[in-house]
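# Structural overview
Listed here are the chains, written in short residue letters.
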Amino acid sequence: MSAHTLSNTGVMLGRSMRHVTRSVDTIITVTITPIAMMLLFVYVFGGAIEAGPGDYVDYLMPGILLIAIASGIAYTAYRLYADLQRGIFDRFNSMPISRSAALWGHVLTSLVSNMISVVVIVLVGLLMGFRSSAGIGAWLAVAGILVLFTLALTWIAVIAGMSASSPDGASAFSYPIIFLPFISSAFVPTDTMPAPVEAFAENQPVTSIVNTIRALLAQQPVGDDIWVALAWCVGILIVAYALAMVVYRRKVA
Amino acid sequence: MNTAKPPAIRIQGLRKSYKDLQVLKGVDLDVASGSIFALLGSNGAGKTTIVRILATLLKSDEGTASVNGYDVATEAAQVRESISLTGQFAAVDEILTGRENLVMIARLRRVEGPKQVADDLLERFGLTDAGARRVATYSGGMRRRLDIAMSLIGEPAVIFLDEPTTGLDPEARLEVWQVIQDLSDGGTTVLLTTQYLDEAEKLADGIAILHEGAIIVNGTLAQLRQLLPPAKAEYVERQPTLEEIFLSIVGKDKNGKTTANAKEAP
């Protein structure tokens, strides 16, 4: 990446971050909804859920973070769609700037804004009694997995944003992704589920990611889960990135 | 008409189809450097397709096009250095303020002193007071002025104005016309697409009519007039046009200057 591209991408990131901070509904949906869900599960359902020895808020935290990221990327798709529709991409693409800068501006904005909401949710979790004995290394590993997960989903969002034909269509792809944590080990242990549901839950990406983060935060051995989780994240990232580039080249002659 | 300068825009044998639909069927066109050239045509005639090809947003199927001496297909980067696109679909960012839009474009074009450039343009286009407001609150005329201001950053040699006055009220239209005239006086080449014939008549040095994907007429207004039978002298009492009435009532003269002769209808 040349200095020119970096400078262009920086300007694009600044523009797109202003879009995030100036739309109150984005901030509410991306951070308040997962926090409300966390309150609901901890203080309403939590008492009746048998999830093992520790505090339920500790058990819940990884899944809530993944739900927050899954709903956050819907807005990335929407912002990209809006840019293409309103023609600001045409202006950028007719200017002497790096053509990938506009796209990377959106991707980096997705990363930055999702990491901000993750931090806010963890802080609220601390107020609700969430505790972790994990050291700096484990926290860095958690951060790394969340970054990979965000990037993988962001590139899916890029595909959706570029190929959608309506604003609803641009964000609709995220509903199944937001729903995946419910059919995983995020809220309850999978061994309480009926066999077919358990089979699905055990073999979808969210369970391995949730288990890995949970083990890292509780200073338990991560086992094979971390490799399965990394394989899912990296695999989705590569496939989604490649597809996004195909769609992008078709869209921008 | 022997000018030493090469044409700012040269199009030869340009063809473009979308699937089975032939949009451009062999377009040839030269635009002299520093002139205002109007491309006339009804909706769907292919005006926008030509502009998109010249702005390197779309590839042609056949033929060549060059802008400022650079080929749009093989020297796209140099073409982008030479042009600016405004109008119909080159949007301004509604969530940012007018000033932020200008600073953003100045930073992207890596112009020195982006903030100063933005302030100067706000001043020049009468947007200083509105500069700190989000563009979403702007009127159509203000938005179009900001749009044109954004395309002046970096002083491109050629500016494409795609239907610059569509949807504007008569006053805003006169403002935009004045801006275009000033640009041309400053040496910038302006390619204008429009469906308003009076706009071409008022502004353009050269006019081409695009019809069903081909240029059917190309010349100056005087040359175009000769295509019709000579004018006959007839005595007709000239009534004021509705535009003149409107402008006189709202208190602006033809050049968009406010005058103090607003009257009430009897």
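Residues numbered from 1 in each chain as written. Chains lettered and ligands numbered in written order. Predicted model: local features only at pLDDT ≥ 70, side-chain atom pairs only at ≥ 80, totals over all residues.

Quick look at the overall build of chain A now. Each helix and strand in chain A was counted, giving 11 helices and zero strands. Its C-alpha atoms give chain A a radius of gyration of 19 Å, near enough to 18 Å, the size a compact globule of 253 residues would have. Expressed as lengths along the three principal axes of its C-alpha atoms, the size of chain A is roughly 60 × 35 × 35 Å. Buried residues in chain A amount to 45% of all 253 residues. The long-range share in chain A, meaning contacts at least 24 apart out of those at least 6 apart in sequence, stands at 80%. (Helix = DSSP H or I, 4+ residues; strand = E, 2+ residues; numbered from the N terminus. Rg over C-alpha atoms; globule rule 2.2 N^0.38 Å. Buried ≥ 20, exposed ≤ 12 C-beta atoms within 10 Å, placed from the backbone. Contact = placed C-beta atoms within 7 Å.)

Take the sheet that holds strand 2 (residues 21-31) of chain B next. Residues and elements named next belong to chain B. Spatially, 2-1-4-5 is the arrangement adopted by the four strands of the open sheet, whose pairing is antiparallel. At either margin of the open sheet sits one strand with a lone partner, and together these are strand 2 and strand 5 (70-71). As judged from the five bridges shared by strand 1 (residues 9-18) and strand 4 (residues 62-67), these two strands associate in the antiparallel manner. By the bridge assignment, Arg 10 is partnered in strand 4 with Ser 66. (Pairing = 2+ DSSP bridges.)

Confidence in the prediction of chain A, expressed as mean pLDDT, is 90, and 99% of residues score 70 or more. Within chain A, no element has a lower average pLDDT than helix 7 (residues 167-172) of chain A, which sits at 87, and none a higher one than helix 6 (residues 136-163) of chain A, at 95. (pLDDT = per-residue confidence, 0-100.)

For the rest of this paragraph, the subject is the confidence of the model for chain B. All names here are of chain B. Across chain B, the average pLDDT comes to 85, with 91% of residues at or above 70. Taking the mean pLDDT of every element in chain B, the minimum, 80, falls on helix 9 (residues 242-250) and the maximum, 95, on helix 3 (residues 98-108). Note on the complex model: pTM 0.84, ipTM 0.85.

Residues and elements named next belong to chain A. Contact pair helix 2 (residues 24-45) / helix 3 (residues 56-86): the axes reach a minimum separation of 9 Å and the direction vectors enclose 155°. For the element pair helix 2 / helix 3, the angle class is roughly antiparallel. Relative to helix 3, the crossing made by helix 2 is right-handed. Here Thr 26, Thr 29, Val 30, Thr 31, Thr 33, Pro 34, Met 37, Met 38, Phe 41 and Val 42 of helix 2 come into contact with helix 3, specifically with Tyr 56, Val 57, Leu 60, Ile 64, Ile 67, Ala 68, Ser 71, Gly 72 and Tyr 75. Across the contact of helix 2 with helix 3, the residue classes break down as 13 nonpolar, six polar and no charged. (Axes fitted to C-alpha atoms, helices over the stretch in contact; angles between N-to-C directions. Parallel < 35°, antiparallel > 145°, perpendicular 65-115°, else oblique. Left-handed = near helix turned anticlockwise from the far one by under 90°. Nonpolar A, V, L, I, M, F, W, Y, C, P; charged D, E, K, R; others polar.)

Moving on, we come to the interface of chain A and chain B. Each partner contributes to the interface: chain A provides 18 residues, whereas chain B provides 21 residues. At the level of secondary structure, the elements contributing two or more residues to the side of chain A that touches chain B comprise helix 1 (3-21) and helix 4 (88-93) of chain A. If one sorts the elements of the side of chain A that touches chain B by residue count, helix 1 of chain A sits on top with six residues. Classifying every residue of the side of chain A that touches chain B gives six nonpolar, six polar and six charged.

Okay, the environment of Val 190 of chain B next. All names here are of chain B. Relative to the assigned elements, Val 190 resides in strand 8 (residues 189-194). In this structure Val 190 comes out as buried when scored by C-beta crowding, with 23 C-beta atoms within 10 Å. Once the C-alpha coordinates of Val 190 and Glu 171 are considered, the two residues, 19 residues apart in sequence, prove to be 21 Å apart. Once you skip the residues sitting within four places of it in the chain, Val 190 turns out to touch Ile 36, Phe 37, Ile 159, Leu 161, Ile 180, Leu 183 and Ser 184.

Now for the nonpolar core. Among the nonpolar cores identified, the biggest contains 91 residues, and Leu 60 and Leu 66 of chain A together with Leu 102 of chain B are the most heavily contacted of them. Each residue touching Leu 66 of chain A, except ones within four places of it in the same chain, is listed here: Phe 149, Pro 181, Ala 186, Val 206, Ile 209 and Val 210 of chain A. If you look at the next biggest cluster of nonpolar residues, it comprises 43 residues, including Leu 24, Val 51, Ile 83 and Leu 192 of chain B. (Core = buried A, V, L, I, M, F, W, Y, C linked by C-beta atoms within 7 Å.)

Before going further, it helps to spend a moment on the sheet that holds strand 3 (residues 36-40) of chain B. Residue and element names in this part refer to chain B. Pairing is mixed across the open sheet formed by six strands, whose spatial order is 6-7-8-3-9-10. Only two strands of the sheet have a single neighbouring strand rather than two, namely strand 6 (83-87) and strand 10 (214-219). Along the sheet, successive strands turn relative to each other by an average axial angle of 20°, direction set aside. Bridge analysis of strand 7 (residues 158-162) against strand 8 gives five bridges, and the strand direction is parallel. Bridging from a neighbouring strand, Asp 162 pairs with Thr 193 of strand 8.

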